[in-house]
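The chain contents come next:
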Amino acid sequence: MLIRSGKIQFLFWTAFFAVFLYVWLVAIGFQTFVLPDEKLMEIPQNSVVLMFILYGFMVIAILAGTIVSIMINNRFYTRLFGSFIIVALVTFLLAKGMFG
C-alpha cells in the first residue's frame with residue numbers, strides 16, 4: 001500500500017473537488033440557460049445565486065491548491081491548478097459574452 005503525504009492528499013482532493021464544482025457549475029448553466037424547456041421570461045434567481053456560490057467555492061479551492069502546490073514546489077499540481085484557473089476564467093468570459 002502506497003502512503004502519500006498529507007500535502008499531496010490535500011492537493012489531490014482539492015483538484016477533485018475543483019473539477020466536481022466546475023462540472024456542476026457547467027451542468028446548471030446548460031440546464032438553465034442553454035437547454036430550457038420553455039423560453040425564459042426572466043432570469044431564474046435561484047439558479048444564478050447557486051452558480052455564483054459554486055463559482056466562489058471553486059475559486060477558493062483552485063487558489064488554495066495553487067498556493068499549496070507552489071509552497072511545496074510540486075510542478076504537476078501547479079500546472080494543473082494553473083490550467084484550472086485559465087479554464088474557469090475563459091468559461092466565465094464566454095458566459096458573460098453570450099448572456100451579457
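Look up a bit, the structure's there.
## A word on the nonpolar core
The biggest cluster of nonpolar side chains holds 16 residues, and the ones touching the most others in it are Leu25, Met58, Ile62, Phe81 and Phe84. Counting residues per element, the ones that place at least two in this core are helix H1 (6-34), helix H2 (45-71) and helix H3 (75-99). Sequence-distant contacts of Ile62, defined by excluding residues within four places in its chain, comprise Ala18, Phe81, Phe84 and Ile85.

## Comments concerning H1
Compared with an ideal rise of 1.5 Å per residue, which puts 29 residues at 42 Å, H1 spans 41 Å between its outermost C-alpha atoms and is within 8% of the ideal. Turning to H1, its buried residues number three or more, namely Leu11, Thr14, Ala15, Ala18, Leu21, Leu25, Ile28, Gly29 and Thr32.

## Examining the packing of H1 against H2
At a closest axis distance of 9 Å, the pairing of H1 and H2 adopts a crossing angle of 155°. Between H1 and H2, the angle is such that the two are roughly antiparallel. Read as a crossing pair, H1 and H2 show a hand that is left-handed.

## A short note on the environment of Leu54
With respect to the helices and strands, the residue Leu54 is situated in helix H2. Given the relative accessible area of 3%, Leu54 is considered buried. Spatially, the C-alpha atom of Leu54 lies 11 Å from that of Gly29, the residues being 25 residues apart in sequence. Setting aside residues no more than four positions away along its own chain, Leu54 makes contact with Leu21, Trp24, Leu25 and Ile28.

## Some remarks on unusual backbone geometry
Comment: phi is negative for the bulk of residues other than glycine, and the bulk of peptide bonds are trans. For Asn73, which is not glycine, the phi torsion reads 60° and is therefore positive. Topologically, Asn73 is positioned in the loop between H2 and H3. Exposure remark for Asn73: the relative accessible area of 65% places this residue in the exposed category.

## Section: the packing of aromatic side chains
Tallied over the entire structure, the rule returns nine aromatic pairs. Centroid distance Phe12 to Trp13: 5.1 Å. Interplanar angle 75°. Geometry classified as edge-to-face. Overall, Phe12 belongs to the partly exposed group, its relative accessible area being 41%. A relative accessible area of 45% means that Trp13 is categorised as partly exposed. Measuring from ring centre to ring centre gives 5.1 Å for Phe76 and Tyr77, while their planes differ by 75°; the resulting arrangement is edge-to-face. Note on Phe76: relative accessible area 55%, which makes it exposed. Classification of Tyr77 as buried rests on a relative accessible area of 10%.

Rules used in this analysis
Here the residue numbering is sequential within each chain, running from 1 through the sequence in written order. The predicted origin of the model limits local features to residues at a pLDDT of at least 70 and limits the giving and counting of side-chain atom pairs to 80 or more, whereas totals for whole chains, interfaces and linings rest on all residues. Remark: hydrogens and water are excluded; side-chain values derive from all non-hydrogen atoms of the structure. Residues belong to a common nonpolar core when they are buried Ala, Val, Leu, Ile, Met, Phe, Trp, Tyr or Cys residues joined through side-chain atoms within 4.5 Å. In this scheme, a residue with accessible area under 20% of its type's maximum is buried, one over 50% is exposed, and one in between is partly exposed, where area comes from a 1.4 Å probe on protein chains only. Going along the chain from the N terminus, every DSSP run of H or I of four or more residues is numbered as a helix, and every run of E of two or more is numbered as a strand. In this analysis, two residues are considered to be in contact whenever any of their non-hydrogen atoms come within 4.5 Å of each other. The span one expects for a helix is its residue count, reduced by one, times 1.5 Å. For helices, the axis comes from a line fit to the C-alpha atoms of the stretch in contact; other axes are also lines fit to C-alpha atoms, and the angle between any two N-to-C directions lies between 0 and 180 degrees. By the definition adopted for this analysis, an angle is roughly parallel if under 35 degrees, roughly antiparallel if over 145, roughly perpendicular if from 65 to 115, and oblique otherwise. Take the far helix as your reference; a near helix turned counterclockwise from it by less than a right angle gives a left-handed crossing, and one turned clockwise gives a right-handed crossing. Pairing of aromatic rings covers Phe, Tyr and the six-membered ring of Trp, with a centre-to-centre limit of 6.5 Å; geometry is then stacked below 30 degrees between planes, edge-to-face above 60, and tilted otherwise.

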